[in-house]
Amino acid sequence: MRKPRIVVLGAGYGGLMTVTRLQKQLSTNEAEVILINKNDYHYETTWLHEASAGTLHHDRVRYDIKDVVNTSKVNFLQATVDDIKVEEKKVVTSQGEVEFDYLVVALGAESETFGIQGLHEHAFMISNINSARQIREHIELQFATYKNEEVKKDERLTIVVGGAGFTGIEFLGELGNRVPELCKEYDIDPSKVRIVCVEAAPMILPGFDPELVKYARAALEKKGVEFHIGTPLKEAKADSVLISKGEDEVEEIKAGTIVWAAGVRGNRIIEKAGIENMRARVKINKDLRAPGHDNIFIIGDCSLMINEETERPYPPTAQIAMQQGEVCARNIAALLHGKDPLEEFTPDLKGTVCSLGEDDAIGVVYGRKLTGTKASFMKKVVDNRALYMVGGPSLVFKKGKFKFF
Ligand code: FAD
């Protein structure tokens, strides 16, 4: 008789956590585990703003999947997932079809552009290693080109960031550190450079403590960031963005780099597979399964869970994706061992820390507000903890962040 086959899609936070727990909890006689991921490496999505700004090399942000996955227990397939045939229990990939008995969908998020014209064509998105590398190189090319052109185009040195949520603010913090380095490297007067943040909402970092938000805004303004808050971005063009300034007024900001960091949705594969969803995220049952699909678990940014206290969805975070991965592995093992009902997942939120660059941050950890170097230290602890949870001390020594002050 064929062993039950568990197929995990995506080697991000949720997927790797599931697989590394399954390889501990199940013997090879009990089940076959297959991990499918586009690349043969995992990247720390939460560090991509650093690789994008160029403050951290992209190789520091990724590690080989085989370094954390026991290949005698887990078969790794490097392939792109193209579709899920739910009824036929098959995954369609660039390397052929893979049958499953149990499926874990952990394919992460994609950028949401809300139908804004020109964003897909002219804006960069902080999505993966390739896009991060491209943003870093594009910014550097703008600086190098500026220095070498006869008739100087100052707008080349303007970087527009759409979105003042978590990702946008963390990226702006890194730019605030990187731009002075680039100015030195390319002999450019820093006053020529503009870092502009455009945000439709009436405040930056919605949902964060107002006192910390005030601190973050002041810190970024000190690093030269200009904020246009309550200002929707209407359109992106090849060399500018149009922003709304009141009912009928539109202002054009000329820019050499446009980065869109203002929203995420789930993975399009969810929509294609025909699983009921909201913006490609599945409102999952408490045991992490997709409603009506007893053999399909959806975790991480592809899942949607309502916080019963606030009646709003939990924000998609690595913290939740990893915790879901642990419960998902336990629930699959329970199903194989004939145990029912399954464990219900409740996020255990320890806090949130938002980086404002190498040496500054804001955060609330175990209910305590932190700013400055203390918060920045905590951010690195959080980053190192994520490595430890997946790959133990050896991964922390290899990839961890140890420059605390
Ligand atoms: P991911 O970790 O993104 O992994 C998805 C995996 O699926 C990737 O390996 C990808 O290559 C693979 N994949 C995707 N499509 C396919 C396909 N078709 N075929 C095969 N493989 C595929 N959260 C926090 O908790 N704290 C933070 O400080 C924080 N900072 C952030 C900073 C930035 C710049 C960004 C972008 C996000 C940040 N987040 C943070 C959010 C966090 O990164 C996500 O919530 C988390 O990555 C979700 O984990 P996941 O497992 O769902 O997806």
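Residues numbered from 1 in each chain as written. Predicted model: local features only at pLDDT ≥ 70, side-chain atom pairs only at ≥ 80, totals over all residues. Heavy atoms only, no water.

Domain annotation of the protein identifies domain 1 (5-38 + 79-111 + 265-349) and domain 2 (119-262). On a C-alpha basis, the centres of domain 1 and domain 2 stand 35 Å from each other. (Domains from an automatic or database assignment.)

Attention shifts here to helix 9 (residues 318-336). Residues lying three or four places apart along an α-helix face the same way, a consequence of the helix completing one turn every 3.6 residues. Helix length check: helix 9, at 19 residues, gives a terminal C-alpha distance of 27 Å against a target of 27 Å (1.5 Å per residue), a fit within 8%. With 14 of 19 residues buried, helix 9 is to be regarded as a mostly interior element. In the segment just after helix 9, G338 is the residue with positive phi, at about 70 degrees. (Helix = DSSP H or I, 4+ residues; strand = E, 2+ residues; numbered from the N terminus. Expected span 1.5 Å × (residues − 1). Buried < 20%, exposed > 50% of the residue type's maximum accessible area, 1.4 Å probe, protein only.)

Further remarks concern the environment of D348. With respect to the helices and strands, the residue D348 is situated in the loop between helix 9 and strand 25 (351-355). Residue classification places D348 among the partly exposed residues on the basis of a relative accessible area of 42%. Placed 323 residues apart in sequence, D348 and Q25 show a C-alpha to C-alpha distance of 22 Å.

This paragraph deals with the site of the ligand. Residues in close proximity to the ligand total 31 residues, the closest being G14, V81, D301, A318 and K379. In this structure, an oxygen atom belonging to the ligand sits 3.4 Å away from a main-chain N or O atom of P316. In isolation the ligand offers 1,000 Å² of accessible surface; the protein chains occlude 90% of this area. Those elements giving two or more residues to the shell around the ligand turn out to be helix 1 (13-25), helix 6 (166-185) and helix 9. Residues from two domains meet in the shell around the ligand; each of domain 1 (5-38 + 79-111 + 265-349) and domain 2 (119-262) gives at least three. (Near = heavy atom within 4 Å. Polar contact = N/O pair within 3.5 Å; in protein donor to acceptor, adjacent residues only side chain to side chain. Areas by Shrake-Rupley, 256 points an atom, 1.4 Å probe, with all protein chains shown as cover.)

What follows concerns the packing of helix 1 against helix 10 (residues 372-399). For the pair helix 1 and helix 10, the least separation of the axes is 9 Å and the interaxial angle reads 35 degrees. Two secondary-structure elements touch here, helix 1 through Y13, L16, M17, T20 and R21 and helix 10 through A386, M389 and V390. In terms of residue class, the contact of helix 1 with helix 10 is made up of 6 nonpolar, 1 polar and 1 charged. (Axes fitted to C-alpha atoms, helices over the stretch in contact; angles between N-to-C directions. Contact = heavy atoms within 4.5 Å. Nonpolar A, V, L, I, M, F, W, Y, C, P; charged D, E, K, R; others polar.)

Under the counting rule described, the total for this entry stands at 3 aromatic pairs. With a centroid separation of 6.4 Å and an interplanar angle of 50 degrees, the aromatic rings of F143 and Y186 are classed as tilted. Here Y186 lies in the loop between helix 6 and strand 13 (194-199) and F143 lies in helix 5 (residues 129-148), a separation of 43 residues in the sequence. Looking at F143, the relative accessible area reads 1%, which means it is buried. A centroid spacing of 6.3 Å and a plane angle of 40 degrees characterise the contact between F166 and F208, whose relative ring orientation is tilted. Placement of F166 in helix 6 and of F208 in the loop between strand 13 and helix 7 (210-222) is noted, with a sequence separation of 42 residues between them. Accessibility expressed as a relative area gives 31% for F166, which makes it partly exposed. Taking NZ or CZ as reference, R62 lies 4.7 Å from the ring centre of Y41, over its face. (Phe/Tyr/Trp six-rings, centres within 6.5 Å; stacked < 30°, edge-to-face > 60°. Lys NZ or Arg CZ within 6 Å of the ring centre and 35° of its normal.)

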